[in-house]
Amino acid sequence: MNKLSIIIPAYNEEEGIREIIERTLSVSPKIQSNAGISDVEVIVVNDGSQDATARFAQEYSMQNRIRLISYEQNRGYGAAIKSGFAEASGELLSFLDADGTCDPLNFIDLIHKMKETDADIVIGGRLNRNSRMPLTRKLGNVFYRVLVHAISSKKVNDISSGMRIMKKESWKKLSPLPDGLHFTPAMSVRAILDRSIKIEEVPIPYEERVGRSKLSVIKDGFRFLGAILEISFTYKPLRLFGCIGIVLIFLALLYGIDPIVHYIRQRNVPEDRIYRLLFVLVAGISGVQMLFLGLMTQAITNLIHNYEMETAVERILDKTVLNRLTFLGILCILAAVLLNANAILQYVSLRKIFVHWSYIVTGGLLVLLGFQLLGFSIMNRIVDLLKEQKKGGL
């Protein structure tokens with residue numbers, strides 16, 4: 001049987017700290033008996049509170065009913081939870097917000113889910129019909145959910161929930177994580193994207209908080225977004241770079257239809273198409289660069305995590321495209337030379353160029369793309385060599 005450690009981070013929660021401690025202590029016997037837990041320890045982390053939070057929590061600590069960790073300066077929500085985990089003695093680690101929004105009795109369902117599915121982490125999902133979450137926060141959480149679902153095939157509805165449990169050995173795989181309020185979405189995204197971690201979710205009721213919220217919808221919302229994107233880049237860069245690349249290539253094709261059709265019919269590019277043509281060239285080549293950058297960084301992150309390309313499309317691009325970067329780079333440079341053969345001959349013989357400017361611009365961008373593809377080819381070869389060395393070391 002496992003022991004459960006419940007961490008309650010608290011910063012200026014004098015209005016609700018006593019209530020959440022009492023509720024947690026009162027349901028601990030039920031958690032033990034109904035979830036098959038040998039013991040429950042409650043650790044409150046006073047994160048530099050400037051009100052009576054520390055004094056109220058100290059009353060329970062002096063009675064040896066809880067353990068209290070107290071800091072003079074505020075270190076952050078995530079830092080408080082990490083401090084609690086460092087002092088916890090349970091095989092199962094959990095945390096619960098001090099604002100009274102989640103019932104500690106829900107840990108029973110979370111533990112049952114963990115046992116049934118052999119999950120490493122189980123999140124209490126607050127986005128359901130029993131939730132009394134404010135509309136602005138609910139919309140924000142739905143946005144983050146959609147974003148994470150677009151990046152990963154694992155489906156978790158509430159990535160920023162402040163109630164969850166995890167196995168102690170799984171916690172070690174999740175570092176590093178931020179110290180602020182974006183600790184929870186960062187943890188969720190890392191767990192979702194790490195193939196060695198199994199994550200599950202259980203719907204739980206969510207009540208209105210006691211006291212004033214510390215969450216800034218705009219400021220912390222951007223931090224949440226930044227944490228999601230930052231961690232996503234360390235696991236799924238191809239999804240993000242690839243989407244950007246595809247959008248740019250699509251826009252280039254869309255805006256390029258008119259000048260291309262005109263050139264096929266008239267064999268010239270009118271002066272009034274210069275801005276459209278420049279956009280097409282820049283967007284198209286940038287899109288290709290972003291796509292190859294995604295492939296290259298995905299190969300590097302897969303090497304770090306010892307992963308293979310996940311989807312069929314990724315595997316095809318990896319095997320058929322990355323291995324032909326040298327050929328594609330040389331092809332781009334040769335295309336630029338052939339496109340500007342007359343211009344080169346004119347300049348060599350006459351020191352003047354009479355061809356249309358569009359040939360020069362297109363050729364220049366093709367040369368730039370060609371050398372970048374050759375650079376990606378060298379990087380790809382280095383990654384292949386490192387893969388071979390890694391396999392040899394095994």
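Values in this document were obtained by computation on a predicted structure and should not be read as measured data.

Peer 1: Outline the nonpolar core, supporting the account with residue identities and numerical values.
Peer 2: Judged by nonpolar contacts, the single largest core of 40 residues is most densely connected at Phe-95, Met-166, Trp-171 and Leu-174. Among the elements of the structure, β2 (37-47), β3 (67-71), α3 (77-87), β4 (92-96), β5 (121-125), α5 (135-151), α7 (183-193) and α8 (217-233) are those that each provide at least two residues to this core. In terms of residue count, α7 provides more of this core than any other element does, 7 residues in total. Those residues in contact with Leu-174 that sit more than four places away from it in its chain are Ile-121, Met-166, Met-187, Arg-190, Ala-191 and Ile-197. By size, the runner-up hydrophobic cluster in this structure holds 38 residues, among which are Ile-21, Val-27, Val-202 and Tyr-206.

Peer 1: I'd like to hear about the packing of α7 against α8, residue by residue, with values.
Peer 2: In helix packing, the relevant descriptors are the interaxial angle and the interaxial distance, both defined with respect to the helix axes. Contact pair α7 / α8: the axes reach a minimum separation of 9 Å and the direction vectors enclose 25°. Looking at the two axes, α7 sits roughly parallel to α8. The two elements α7 and α8 meet at a crossing, and its hand is right-handed. Two secondary-structure elements touch here, α7 through Pro-185, Ala-186, Val-189, Arg-190 and Leu-193 and α8 through Phe-224, Ala-227, Ile-228, Ile-231 and Ser-232. By residue class, the composition of the contact of α7 with α8 is 8 nonpolar, 1 polar and 1 charged.

Peer 1: Break down the pattern of salt bridges for me, citing the residues and quoting the values.
Peer 2: In total, this model carries 8 salt bridges according to the counting rule given. Here Glu-59 ties to Arg-18 by a salt bridge, and the two come within 2.9 Å at their closest N and O atoms. Of this pair, Glu-59 sits in helix α2 (residues 53-62) while Arg-18 sits in helix α1 (residues 17-35), and the two are 41 residues apart along the sequence. Among the residues examined, Glu-59 registers a relative accessible area of 31% and is labelled partly exposed. Salt-bridge contacts for Lys-167 lead to Asp-118; the nearest nitrogen and oxygen are separated by 2.8 Å. Placement of Lys-167 in strand β6 (residues 163-167) and of Asp-118 in the loop between α4 (107-117) and β5 is noted, with a sequence separation of 49 residues between them. Lys-167 sits in the buried class, given a relative accessible area of 16%.

Peer 1: Give a description of the packing of α5 against α8 that names residues and reports values.
Peer 2: Where α5 contacts α8, the two axes come as close as 11 Å, and the packing angle between them is 10°. As summarised for this structure, α5 and α8 are arranged roughly parallel, according to the angle between their axes. Residues Thr-136, Phe-143, Tyr-144, Leu-147, Val-148 and Ile-151 of α5 pack against Val-217, Gly-221, Phe-224, Leu-225, Ile-228, Leu-229 and Ser-232 of α8. In the contact of α5 with α8, the residues fall into 10 nonpolar, 3 polar and no charged.

Peer 1: Requested: an account of the packing of aromatic side chains, with residues and values cited.
Peer 2: Remark: the centre distance and the inter-plane angle together describe each pair of aromatic rings, the angle taken between the planes. On inspection of all chains with the given rule, the structure shows 8 aromatic pairs. Aromatic pair Phe-85 and Phe-95: ring centres 6.2 Å apart, planes at 50°, arrangement tilted. In this pair, Phe-85 sits in helix α3 while Phe-95 sits in strand β4, placing the two residues 10 residues apart along the sequence. Of the two residues examined, Phe-85 and Phe-95, each falls in the buried class. Relative to Phe-224, the ring of Tyr-144 has its centre 5.8 Å away and its plane inclined at 55°; by these criteria the two rings are tilted.

Peer 1: Which residues make up the pairing of β3, and what values go with them?
Peer 2: Looking at chain direction, β2 and β3 are connected through 5 bridges and run parallel. Bridged to Asn-46 within β3 is Ser-70. In this region the chain leaves β2, passes through α2 and returns to the parallel neighbour β3; the handedness of that crossover is right-handed.

Peer 1: So what's going on with helix α12 (residues 325-339)? Which residues, and what values?
Peer 2: If you check α12, its first and last C-alpha atoms are 21 Å apart, about what 15 residues at 1.5 Å a residue would give, namely 21 Å. Among the residues making up α12, those that are buried are Leu-325, Gly-329, Cys-332, Ile-333 and Ala-336. Looking down the long axis of α12, one finds its buried residues gathered within 90° of arc, a one-sided arrangement. Exposed side of α12, more than 90 degrees from the buried face: Phe-327 and Leu-338 are the residues found there.

Peer 1: Any chance you could break down the sheet that holds strand β7 (residues 199-203) for me, citing the residues and the numbers?
Peer 2: Ordered by their spatial adjacency, 7 strands build an open sheet running β3-β2-β1-β4-β6-β5-β7, and the pairing between neighbours is mixed. Either end of the sheet is taken by a strand with one partner, and the two such strands are β3 and β7. Averaged over all neighbouring strand pairs, the angle between strand axes comes to 20°, with direction disregarded. Pairing between β5 and β6: 3 bridges, direction antiparallel. Along β6, the bridge assignment pairs Val-122 with Ile-165. Against the sheet, α2 touches β1 (2-10), β2 and β3, its axis set at about 155° to β3. Strands β1, β2, β3, β4 and β6 of the sheet are contacted by α3, whose axis makes an angle of about 150° with β1.

Thresholds, definitions, all that
Residues numbered from 1 in each chain as written. Predicted model: local features only at pLDDT ≥ 70, side-chain atom pairs only at ≥ 80, totals over all residues. Heavy atoms only, no water. Core = buried A, V, L, I, M, F, W, Y, C linked by side-chain atoms within 4.5 Å. Buried < 20%, exposed > 50% of the residue type's maximum accessible area, 1.4 Å probe, protein only. Helix = DSSP H or I, 4+ residues; strand = E, 2+ residues; numbered from the N terminus. Contact = heavy atoms within 4.5 Å. Axes fitted to C-alpha atoms, helices over the stretch in contact; angles between N-to-C directions. Parallel < 35°, antiparallel > 145°, perpendicular 65-115°, else oblique. Left-handed = near helix turned anticlockwise from the far one by under 90°. Nonpolar A, V, L, I, M, F, W, Y, C, P; charged D, E, K, R; others polar. Salt bridge = Lys/Arg side-chain N within 4 Å of Asp/Glu carboxyl O. Phe/Tyr/Trp six-rings, centres within 6.5 Å; stacked < 30°, edge-to-face > 60°. Pairing = 2+ DSSP bridges. Right-handed = clockwise from strand over helix to strand, strands pointing away. Expected span 1.5 Å × (residues − 1). Arc of directions from axis to C-beta.

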